[in-house]
Amino acid sequence: QVQLVESGGGLVQAGGSLRLSCAASGRTFNNYAMGWFRQAPGKEREFVAAISWSSGNTYSTDSVKGRFTISRDNAKNTVYLQMNSLKPEDTAVYYCAAALSWGPEIDREYEYDYWGQGTQVTVSS
């Protein structure tokens, strides 16, 4: 089992920044690829970004490229999502998730074995 706890969400004005953190406990954190997803009101959950266990590979959805950066610190069992130039359409609950492998479908929910409870991000216009 891997337990994931997100933090760092909040209310921010458009153009502002937030850094989300996801602390992991349980099984060896650095065995897992990590991802961030989000779910806006009335919409399905969508992929945001992912990072391989060694940080050698990252992948993000087009809508956040150049604005969001995923990183991890395996010594601290934590993955981060730095979000800059936030837009109202970034408003959502953000979830982190852990996957046992990195592959071409790392942007799919079914690749992930463990999920956090989510943290709310609200961007005002």
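Above this text sits the structure in question.
Residues numbered from 1 in each chain as written. Predicted model: local features only at pLDDT ≥ 70, side-chain atom pairs only at ≥ 80, totals over all residues. Heavy atoms only, no water.

Trainee: Can you walk me through the nonpolar core in this structure?
Mentor: One recurring pattern in soluble globular proteins is that nonpolar side chains are buried together. Counting residues in hydrophobic clusters, the biggest one holds 29 residues, and the most contacted among them are Leu4, Met34, Trp36, Leu81, Met83 and Tyr94. Core analysis: the second largest hydrophobic core is formed by 8 residues, Ala50, Ala97, Ile106 and Tyr112 among them. (Core = buried A, V, L, I, M, F, W, Y, C linked by side-chain atoms within 4.5 Å. Buried < 20%, exposed > 50% of the residue type's maximum accessible area, 1.4 Å probe, protein only.)

Trainee: How should the pattern of salt bridges be read in this particular structure?
Mentor: Should their charged atoms come close, side chains of opposite charge can pair. All chains considered together, the criterion is met by 6 salt bridges. For Arg108, the salt bridge is made with Asp107, and the minimal N-O distance between the two is 3.6 Å. Overlapping salt bridges, with partners in common, bring together Arg38, Glu46, Arg67 and Asp90 in one network. (Salt bridge = Lys/Arg side-chain N within 4 Å of Asp/Glu carboxyl O.)

Trainee: Would you take a moment to explain the environment of Val48 for this structure?
Mentor: Looking at where Val48 falls in the secondary structure, it is placed in strand β5 (residues 46-51). By relative accessible area, which is 0% here, Val48 ends up buried. In contact with Val48, other than residues within four places in its own chain, are Trp36, Phe37, Arg38, Tyr59, Ser60, Thr61, Val64, Phe68, Leu81 and Tyr94. (Helix = DSSP H or I, 4+ residues; strand = E, 2+ residues; numbered from the N terminus. Contact = heavy atoms within 4.5 Å.)

Trainee: Just checking my understanding: could you explain the sheet that holds strand β7 (residues 68-73) for this structure?
Mentor: Within a sheet, adjacent strands bond to each other through the backbone by hydrogen bonds, running parallel or antiparallel. Pairing is antiparallel in the open sheet, where 4 strands are placed in the order β1-β3-β8-β7. Sheet topology places β1 (2-7) and β7 at the edges, where each strand pairs with a single neighbour. Taken pair by pair, the neighbouring strands of this sheet meet at an average axis angle of 15 degrees, ignoring direction. For β1 and strand β3 (residues 18-26), the ladder comprises 6 bridges, and the chain directions are antiparallel. Across the sheet, residue Ser7 finds its bridge partner in β3, namely Ser21. (Pairing = 2+ DSSP bridges. Axes fitted to C-alpha atoms, helices over the stretch in contact; angles between N-to-C directions.)

Trainee: In this structure, what is going on with the state of the cysteines? I would like to understand it.
Mentor: When the sulfur atoms of two cysteines share a covalent bond, that bond is a disulfide. Taken as a whole, this structure holds 1 disulfide when the rule is applied. The residue that forms a disulfide with Cys22 is Cys96, at a sulfur-sulfur distance of 1.9 Å. Its S-S torsion of approximately 45 degrees makes the covalent link between Cys22 and Cys96 right-handed. On the criterion of sequence distance, the pair formed by Cys22 in strand β3 and Cys96 in strand β9 (residues 92-99) is long-range, its members being 74 residues apart. Accessibility classification places Cys22 together with Cys96 in one group, the buried group. (Disulfide = S-S within 2.5 Å.)

Trainee: What is the right way to read the packing of aromatic side chains from this model?
Mentor: Counting across every chain of the model gives 6 aromatic pairs. Arranged with centres 6.1 Å apart and planes meeting at 75 degrees, the rings of Tyr32 and Tyr114 form a pair that is edge-to-face. With a gap of 82 residues between them, Tyr32 in the loop between β3 and β4 (33-39) and Tyr114 in strand β10 (residues 114-115) connect regions that are remote in the sequence. Both residues of the pair, Tyr32 and Tyr114, count as buried. An aromatic cluster of at least three residues, connected via ring pairs, comprises Phe37, Phe47, Tyr59, Tyr112 and Trp115. A cation over an aromatic ring shows up here: Arg45 above the ring of Trp115, its NZ or CZ 3.9 Å from the ring centre. (Phe/Tyr/Trp six-rings, centres within 6.5 Å; stacked < 30°, edge-to-face > 60°. Lys NZ or Arg CZ within 6 Å of the ring centre and 35° of its normal.)

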